[in-house]
Amino acid sequence: MSKKFTVAVAGATGAVGQTMIRVLEERDFPIERIVFLASERSEGRKLSFRGETVRVKKLDHDSFEGVSIALFSAGGGTSQAYAPSAARAGAVVIDNSSAWRMDPDVPLVVPEVNPHAVAGYRTKGIIANPNCSTIQMVVALKPLYDCSRIRRIVVSTYQAVSGTGQKAIQELKNQVRAWADNQKMESDVYPHRIAFNCLPHIDAFQDNGYTKEEMKMVNETRKILEDPEIQVSATAVRVPVFYGHSEAVNVEFEKAVSASRARELLSGAPGVKVVDDPFRNLYPLAIDAEGKDATLVGRIREDISQPNGLDLWVVADNIRKGAATNAVQIAELLADQYL
């Protein structure tokens, strides 16, 4: 790729923003100039990119002059406020928040699953990055869906505290230290202690009894797979893990897909690594996914309770493939095929 681009990272000082910067470096994205944007309190902070020091600028509506691609990871409210300004300035926004995901005029993209959807950016100049737990699930399910249409998904997630942010990471660290010192464990980020505990509560509860996080998985899966008839039931659980979301996924197909066929399909699927030799204690682990971009799939077995079912265990780094890497992959598609 000979063409180079001016790229802005909004929310550059946050955990996902800094990982976006690192992934841009690792994947050698064709950048002529990079712009780091953040809130006023981070203005002037120095960040490194490709061996050079770049000062963080305050994000405002005039920040995007000459920018080709703007990677946003600054929260939904910030995205709603500033993404349209970036698009009007001529940038294509790739947004990591939930602000635009269900907008019918904004494509929701996982490059291994629906790369063609990127073309829809022309309507509003915005592309949405899906929820982290949705991304890894659809990466694993797409090759199986192409073999036999999926009727129903029942998924339970086991999500790392990094999905909440840096304060949650620190809270888990503090609670573990307090436990080791036989001190009281303080809870501020979560409504209950997270150390040595599991919280079946991610985001706000809705009127139907599901949480907002669970409904994101329902609605985003249908949009990405372009199949509004798929039935999805999710239970999202926060667990005392720093990085890496894990998911137990039960899938019902229209026609039976054997475990051996599933392993074959997944072994050749983009972005997937099969780790499935349970008799040798080999299966996906959050600690093995940390820092990597692959979606790990294992515990592949036929559902003994129904003829057309499979069970899977799916693990990925929620900050990388679940956020930063997926966004950069979208940018690569844009740069290669559309800009």
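Values in this document were obtained by computation on a predicted structure and should not be read as measured data.

Colleague: I'd like to hear about the packing of helix α3 (residues 132-147) against helix α8 (residues 320-337), residue by residue, with values.
Modeller: Where α3 meets α8, the closest approach of the two axes is 8 Å, and the angle between their N-to-C directions is 85°. It follows that α3 is roughly perpendicular to α8 by the angle criterion. Contacts between α3 and α8 pair Cys132, Ile135 and Val139 from the former with Lys321, Gly322 and Asn326 from the latter. Partitioning the contact of α3 with α8 into residue classes produces three nonpolar, two polar and one charged.

Colleague: Can you tell me about unusual backbone geometry, naming the residues and giving the values?
Modeller: If you check the backbone angles, Arg50 has positive phi at about 50° while not being a glycine. Within the secondary structure layout, Arg50 lies in the loop between β3 (46-49) and β4 (52-55). One non-glycine residue, Asn182, lies in the positive phi region at around 60°. Tracing the sequence through the fold places Asn182 in the loop between α4 (166-180) and α5 (212-225).

Colleague: Give a detailed account of the pairing of strand β13 (residues 295-302), specifying residues and quantitative values.
Modeller: Across three bridges, strand β12 (residues 272-274) lies against β13 in parallel orientation. Following the sheet pairing, Lys273 is matched in β13 by Leu296. Examined bridge by bridge, β13 and strand β14 (residues 309-316) share five bridges and lie antiparallel to one another. In the strand pairing of β14, Gly298 is matched with Trp313. Joining the antiparallel neighbours β13 and β14 is a turn of six residues.

Colleague: Tell me about the packing of aromatic side chains, and please be specific about residues and values.
Modeller: Each pair of aromatic rings is reported with the distance of its centres and the angle of its planes. Summed over the entire model, instances satisfying the criterion amount to six aromatic pairs. Note on Phe64 and Phe72: the rings are 5.7 Å apart at their centroids and 20° apart in plane angle, and the pair reads as stacked. Measuring from ring centre to ring centre gives 4.8 Å for Trp179 and Phe196, while their planes differ by 50°; the resulting arrangement is tilted. With Trp179 in helix α4 and Phe196 in the loop between α4 and α5, the pair connects residues that are 17 residues apart, well separated along the chain. On the basis of relative accessible area, Trp179 is assigned to the exposed category, the value being 51%.

Colleague: Outline the pairing of strand β6 (residues 69-72), listing residues and values.
Modeller: With burial as the criterion, each face of β6 is covered, one bearing Ile69 and Leu71 and the other bearing Ala70 and Phe72. Bridge count for strand β1 (residues 5-10) against β6 is four bridges, and the pairing is parallel. Bridge pairing in β6 links Ala8 to Ala70. The sheet contact formed by β6 and strand β7 (residues 92-95) spans four bridges and is parallel. The partner of Ala70 across the bridge, within β7, is Val93. Between β6 and its parallel partner β7, the chain crosses via helix α2 (residues 76-88), and the hand of that crossover is right-handed.

Colleague: Give me the lowdown on the side chain of Arg238, citing residues and values where you can.
Modeller: As for its placement among the helices and strands, Arg238 is situated in strand β10 (residues 231-238). Of the side chains with opposite charge, Glu213 lies nearest to the buried Arg238, which makes no salt bridge, at 5.9 Å. Within the structure, Arg238 has its side chain in polar contact with the backbone oxygen of Ala160 (distance 2.7 Å). Leaving out residues up to four positions away in the same chain, Arg238 has contacts with Gln159, Ala160, Val161, Gly163, Thr164, Tyr190, Ile194, Asn197, Cys198, Leu199, Ile202 and His245.

Colleague: How would you summarise the packing of α3 against α5 if you had to cite specific residues and measurements?
Modeller: It is at 10 Å that the axes of α3 and α5 come closest, and there the two elements cross at 40°. Relative to α5, the element α3 is oriented oblique. For α3 against α5, the interelement crossing comes out right-handed. Here α3 contributes Ser133, Thr134, Met137, Val138, Lys142 and Tyr145 to the contact with α5, which in turn contributes Glu213, Lys216, Met217, Glu220, Thr221, Ile224 and Leu225. For the contact of α3 with α5, the class distribution of residues is six nonpolar, three polar and four charged.

Cut-offs used in this document
Residues numbered from 1 in each chain as written. Predicted model: local features only at pLDDT ≥ 70, side-chain atom pairs only at ≥ 80, totals over all residues. Heavy atoms only, no water. Axes fitted to C-alpha atoms, helices over the stretch in contact; angles between N-to-C directions. Helix = DSSP H or I, 4+ residues; strand = E, 2+ residues; numbered from the N terminus. Parallel < 35°, antiparallel > 145°, perpendicular 65-115°, else oblique. Contact = heavy atoms within 4.5 Å. Nonpolar A, V, L, I, M, F, W, Y, C, P; charged D, E, K, R; others polar. Pairing = 2+ DSSP bridges. Phe/Tyr/Trp six-rings, centres within 6.5 Å; stacked < 30°, edge-to-face > 60°. Buried < 20%, exposed > 50% of the residue type's maximum accessible area, 1.4 Å probe, protein only. Right-handed = clockwise from strand over helix to strand, strands pointing away. Lys, Arg positive; Asp, Glu negative; His and termini not counted. Salt bridge = Lys/Arg side-chain N within 4 Å of Asp/Glu carboxyl O. Polar contact = N/O pair within 3.5 Å; in protein donor to acceptor, adjacent residues only side chain to side chain. Left-handed = near helix turned anticlockwise from the far one by under 90°.

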